[in-house]
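An overview of the molecular structure
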Number of protein chains: 2
Amino acid sequence: MLNISASYTDLYQLTMAQVYFKTKPDSTAVFDYYFRSNPFKGGYTIFAGLQNILEILENLRFTDADIEYLKKHDFEDDFLAYLKNYKFQGNINSISEGDIVFPTSPILQVEGNIIEIQIIETVLLNILNFQTLIATKASRIRYSAGDRVLLDMGLRRAHATGGYFATRAAAIGGFNSTSNVKAAEDFNIPASGTMAHSFIQSYGDELQAFRDFGKIRSKNCVLLVDTYNTLRSGIPNAITVAKEMEERGDRLMGVRLDSGDLAYLARKARKQLDEAGLDYVKIVASNQLDEYVIKSLNEQDAPIDIFGVGTNLVTGKPDASLGGVYKLSEFNGDPRLKVSENIIKVSLPCKKQVYRMIDDNEMFLGADAIGIASEDKIKRMYHPFDFNKDMDLQDFKHEALLKPVMVNGKSTIGKKTITEIASFTKERLKLLPGEYKRFENPHIYKVGLSEELKSQRDKLIAAHKF
Amino acid sequence: MLNISASYTDLYQLTMAQVYFKTKPDSTAVFDYYFRSNPFKGGYTIFAGLQNILEILENLRFTDADIEYLKKHDFEDDFLAYLKNYKFQGNINSISEGDIVFPTSPILQVEGNIIEIQIIETVLLNILNFQTLIATKASRIRYSAGDRVLLDMGLRRAHATGGYFATRAAAIGGFNSTSNVKAAEDFNIPASGTMAHSFIQSYGDELQAFRDFGKIRSKNCVLLVDTYNTLRSGIPNAITVAKEMEERGDRLMGVRLDSGDLAYLARKARKQLDEAGLDYVKIVASNQLDEYVIKSLNEQDAPIDIFGVGTNLVTGKPDASLGGVYKLSEFNGDPRLKVSENIIKVSLPCKKQVYRMIDDNEMFLGADAIGIASEDKIKRMYHPFDFNKDMDLQDFKHEALLKPVMVNGKSTIGKKTITEIASFTKERLKLLPGEYKRFENPHIYKVGLSEELKSQRDKLIAAHKF
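The name given to chain A in an unreviewed UniProt entry is Nicotinate phosphoribosyltransferase, and the organism recorded there is Aequorivita xiaoshiensis. According to UniProt, the comment filed for chain A under the heading Function (unreviewed entry) is "Catalyzes the first step in the biosynthesis of NAD from nicotinic acid, the ATP-dependent synthesis of beta-nicotinate D-ribonucleotide from nicotinate and 5-phospho-D-ribose 1-phosphate." Per UniProt, chain A has the following entry under Catalytic activity (unreviewed entry): "5-phospho-alpha-D-ribose 1-diphosphate + nicotinate + ATP + H2O = nicotinate beta-D-ribonucleotide + ADP + phosphate + diphosphate".

A word on helix 12 (residues 262-275) of chain B. Residue and element names in this part refer to chain B. In this model helix 12 runs 20 Å from its N-terminal to its C-terminal C-alpha over 14 residues, within 8% of the 20 Å that 1.5 Å per residue would give. Taken as a whole, helix 12 has its buried residues at Leu 262, Ala 263, Leu 265, Ala 266, Ala 269, Arg 270 and Leu 273. Angular distribution of buried residues about the axis of helix 12 spans 160°; they occupy a single face of the element. Those residues of helix 12 that are exposed and angled more than 90 degrees off the buried face are Lys 271 and Glu 275.

Our next topic: the interface of chain B and chain A. Taken residue by residue, the interface counts 100 residues in chain B and 101 residues in chain A. Summing both sides of the interface, chain B and chain A together bury roughly 8,700 Å²; the carbon and sulfur share of this comes to 58%. One can count eight salt bridges joining chain B with chain A. Between Lys 219 of chain A and Asp 74 of chain B there is a salt bridge, and its shortest N-O distance comes to 3.8 Å. Inspection of the region where chain B meets chain A yields 46 residue pairs in polar contact (both at pLDDT 80 or more). The leading source of residues in the side of chain B that touches chain A is helix 1 (residues 11-23) of chain B, at eleven residues.

Time to look at the domain arrangement of chain A. Residues and elements named next belong to chain A. By domain assignment, chain A separates into domain 1 (11-134 + 319-463) and domain 2 (135-314). Taken together, the contact between domain 1 and domain 2 spans 28 residues of the former and 23 residues of the latter. Each partner contributes to the roughly 2,100 Å² buried at the junction of domain 1 and domain 2, and carbon and sulfur atoms together form 64% of this total. When the buried area of domain 1 at its contact with domain 2 is split by residue, Ile 134, Ile 418 and Phe 439 rank highest and sum to 38% of it. The interface formed by domain 1 and domain 2 contains one salt bridge. We note a salt bridge from Arg 168 to Glu 97, for which the minimum N-O separation is 2.7 Å. Looking at the side of domain 1 that touches domain 2, the elements that each hand over two or more residues are strand 2 (45-46), helix 2 (50-58), helix 6 (121-145) and helix 15 (418-431). The element best represented in the side of domain 1 that touches domain 2 is helix 6, accounting for six residues.

Bringing the pattern of salt bridges into the picture now. Note on pairing: side chains with opposite charge can pair once their charged atoms come close. According to the stated counting rule, one finds 70 salt bridges over all chains in the structure shown. Of the charged contacts in the structure, one is a salt bridge between Lys 182 of chain B and Asp 66 of chain A, with a shortest N-O distance of 3.6 Å. Pair noted here: Lys 182 of chain B is in helix 8 (residues 181-187) and Asp 66 of chain A is in helix 3 (residues 64-70), and the two residues belong to different chains. Each member of the pair, Lys 182 of chain B together with Asp 66 of chain A, is buried. The partner of Asp 392 of chain B in a salt bridge is Arg 380 of chain B, with the nearest N and O atoms 4.0 Å apart.

About the cut-offs
- Residues numbered from 1 in each chain as written.
- Chains lettered and ligands numbered in written order.
- Predicted model: local features only at pLDDT ≥ 70, side-chain atom pairs only at ≥ 80, totals over all residues.
- Heavy atoms only, no water.
- UniProt positions renumbered as here; feature names shortened; annotations may be inferred.
- Helix = DSSP H or I, 4+ residues; strand = E, 2+ residues; numbered from the N terminus.
- Expected span 1.5 Å × (residues − 1).
- Buried < 20%, exposed > 50% of the residue type's maximum accessible area, 1.4 Å probe, protein only.
- Arc of directions from axis to C-beta.
- Contact = heavy atoms within 4.5 Å.
- Buried area = accessible area lost by both parts, 1.4 Å probe.
- Salt bridge = Lys/Arg side-chain N within 4 Å of Asp/Glu carboxyl O.
- Polar contact = N/O pair within 3.5 Å; in protein donor to acceptor, adjacent residues only side chain to side chain.
- Domains from an automatic or database assignment.

Structure follows, in structure tokens:
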């Protein structure tokens, strides 16, 4: 699936790269990847996509077809010859994939030759923005679902092949399994599934459809019970087939509700199943679920064991995008920033480090401090925009979040499985106090600047004043 | 980019396929692709993605790795041997790619062996739902923009590699060019681009940055003028460079505004440029544009020549998905439908044809009639749900919309260029009266059923009553 050549970029990256190539080919730069607000009006974000980016960068080349194509675009021969031999050889420091991240902080810093690192902007934003959005959405759904099983079934509503990455990110955010066979295969995520209405329609006879399915799919068999009438037809037929399966030494795994009032139907179905001695048969529910519907179902104590989530998960509704950006913070060793009339949109200069403050209980304190990479311990941090606010950090332990993950174009971290990344996310979320996880007006996690970084920024802003 | 194997599907397709394989391997079926409501609360939808689907289906195979993987999932050896030789050999009738389509009508009908056509459901929905969503969004933006130039620049915010298909669909819906090099290359869409803030930041000196850029990018040069101060720095510096370019016999193509009040800044910038004798320099505007913002800018007569649209285009915000479905309408020659307590969700049985009514001026009348494929001319159509409404069609010409596009797994239509498909969309939109195109409460295009289809459906509903 992953067949991305270096022409998977915006044309202007190449246009700018050619100017650099002609005027200052040996320049170096630092770019930061970060975003300005948490998606879904939430209190945190889950960073995902790093491992894909490292793999893509290790193998990023322009194909011969790419070079032929670019000849039509007024690029000069010497630059095209450069592109033919293009290889990303930069360094990357990054927060770990699956970690919790917050607005303003650099999540990933790219350092290297300006031409090499300009060209990768688009693919980096394309992969990281999307997976970070979906991993965050998934973790919110996980938060609502508690310990119940979550199944991703969104491929049919995903943005074409983006669905492949949606499944990966959903697993990082806390989903247990997916319907997406290709992604399950490549990322080693458990695959699961039930049955479609069309299967039962093809028989015309629901009981016979269930019977055949139960015989041939004797393990992990889930019967869809709402094709005709859930309580008067689907559940009674499922009970009949479950009993027949018992006689063969098999067990019906579950029934699936896909329409109607899920709380009401789940309760009634549970009762019918239990009265038939089938308390082991699980109830799967689907139909436009998201974190809010699942929260409501749980508040009603709906006896649902497994939630199947599709559209709202894989499209990251309602946001549908994360506005992560890639901004220049150093050029040939000099600090750089993007000014703006809006202070919130001013970027941070210099090569940086991010420190997460840890409280006495080893939990996250609720404060990340951004300093210049070369700084020692940050004793006090300052609100990036509100000049009244600062915070004393002397009493707290901290953890440096940005770590080398690529040196000279080679990944320096071992390949982690999705299970490992998802476990890390789960562990990190345990360290984040609940007030940052709630959906309604979550507490705002503090992100501040060291005095030195703030003063560098403010000096540069003043120098650019008009 | 397009490297989709047959395991790009939901696991349940394979589970169901195995049951068909074991119990009724030679059965045939008909499935319809359709949706239940226009996206964006609009009055119409643009169908896109057909050509990709035909190409994918012609080449759809399970790889050896897929088969190895599926062995872990309790599939039996004889079925895995079938999958190893799987080839789609069905027939497809479809509305033409780029045509205007409406809720309820089958857009595409697949006919063939039940196992073959079950497995393709996921990839078909995945590709068609997304491109249809984006082509529709693009056509709405085109409607707002009138004759101005539209540039897609959304790749960085697209859903990972789904962005490749977003660019294709945007071109069908009316976009002139894209920043996405890979998609431009593969789909022969014009590529274009401007410059980034980081380029100017790297210089620190805006004038020098513009100078170098204007020298090396002497054609199609667009300068980004809002890095420091649009009217006091960006435009004056762009004017200086434009004059220098004139001396070399070149012409600055444009300036780009990416922040602030675009209407105000465009007017002021236009005045400054015109006063400098640069009336040929175009103004490009970007920054979270969509059809509504562009409509407002045009209502204010903002002198903007080119709109760059990103996030809202490629993510299909605010909908982010089209709920197209794939429903069984015939099995072994017998009509089938999906019943539901909600009549709107009941599917239509039988192999069908869709007729578009044409008025005396050769425009679309605003009525599509769905009949059974074998029916003669439809004289009267009936509202699908409202039993009071019908419409006499005797006086109107009609056009049959579903045409064979694939026979025995081979495409029977020549490969069209994106330019050709986009031109077709443009022509078809000209035939659609304006009241269906407006954004606020658009007129509802009528879609009705023939008497025979309606009676078939109602008979089947009655047979399934509980």
